[in-house]
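The lines below spell out each chain.
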Amino acid sequence: VKLGDGVKLGDGVTLGDWVKLGDGVRLGDGVKLGDGVTSDALNEALIAALPDSFEAWKWVRPNRTSPNFDGGTVVEYPFGATIRAEGQRSDQQCAPGLHVLRAGYRPEWAGLCEADHDLICLRVLVRREHVLFGGMPGNDAKLRVSDLVVLS
């Protein structure tokens, strides 16, 4: 087993032979990964399972700017705009790119903020080819993408 810097494993996590997890990966309680699993391969598999294009939710401030949960650059999200950001495909959830939630998820459910926030939800269109981080088992609500189109 090879674990990168800052890897956090929950109680009862089982890792098979030759499992490789990159820096900063977090696995919750009870996760089991078989022999030869890598976090990059898990990311690729979850991205490959996505439809060609899909709706996601971008939670923003009432002025339509990013809430900056991760301390990155503030981005504006005007209706109808195509927004692009630099970023590399990797197993890192919190890395350069645009962060969105799968449709149906609220930011407080993903531990991003308190439940009494004033954020508004924008519907955005994402193409699978623009997904940089597609999730990890048990941690796939928050995606990282390079491009999106603001639908609402």
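Let me begin by describing the structure that accompanies this report. Source: prediction; values computed, not measured.

A word on unusual backbone geometry. Trans peptide bonds make up most of the peptide bonds, and negative phi angles are found at most residues other than glycine. For Arg 64, which is not glycine, the phi dihedral falls at a positive 65°. Position of Arg 64 relative to the elements: it lies in the loop between β7 (53-60) and β8 (82-84). Here Arg 64 falls in the partly exposed class, since its relative accessible area comes to 24%. Phi at Asn 68 takes a positive value of approximately 65°, unusual for a residue other than glycine. Within the secondary structure layout, Asn 68 lies in the loop between β7 and β8.

Here we come to the packing of aromatic side chains. Within this structure, the stated rule accounts for 1 aromatic pair. Aromatic side chains Trp 57 and Trp 59 sit 6.1 Å apart centroid to centroid with 70° between the ring planes, which places their arrangement in the edge-to-face category. The exposure class assigned to Trp 57 is partly exposed, which follows from its relative accessible area of 22%. What makes Trp 59 buried here is its relative accessible area of 7%.

About the cut-offs
Residues numbered from 1 in each chain as written. Predicted model: local features only at pLDDT ≥ 70, side-chain atom pairs only at ≥ 80, totals over all residues. Heavy atoms only, no water. Helix = DSSP H or I, 4+ residues; strand = E, 2+ residues; numbered from the N terminus. Buried < 20%, exposed > 50% of the residue type's maximum accessible area, 1.4 Å probe, protein only. Phe/Tyr/Trp six-rings, centres within 6.5 Å; stacked < 30°, edge-to-face > 60°.

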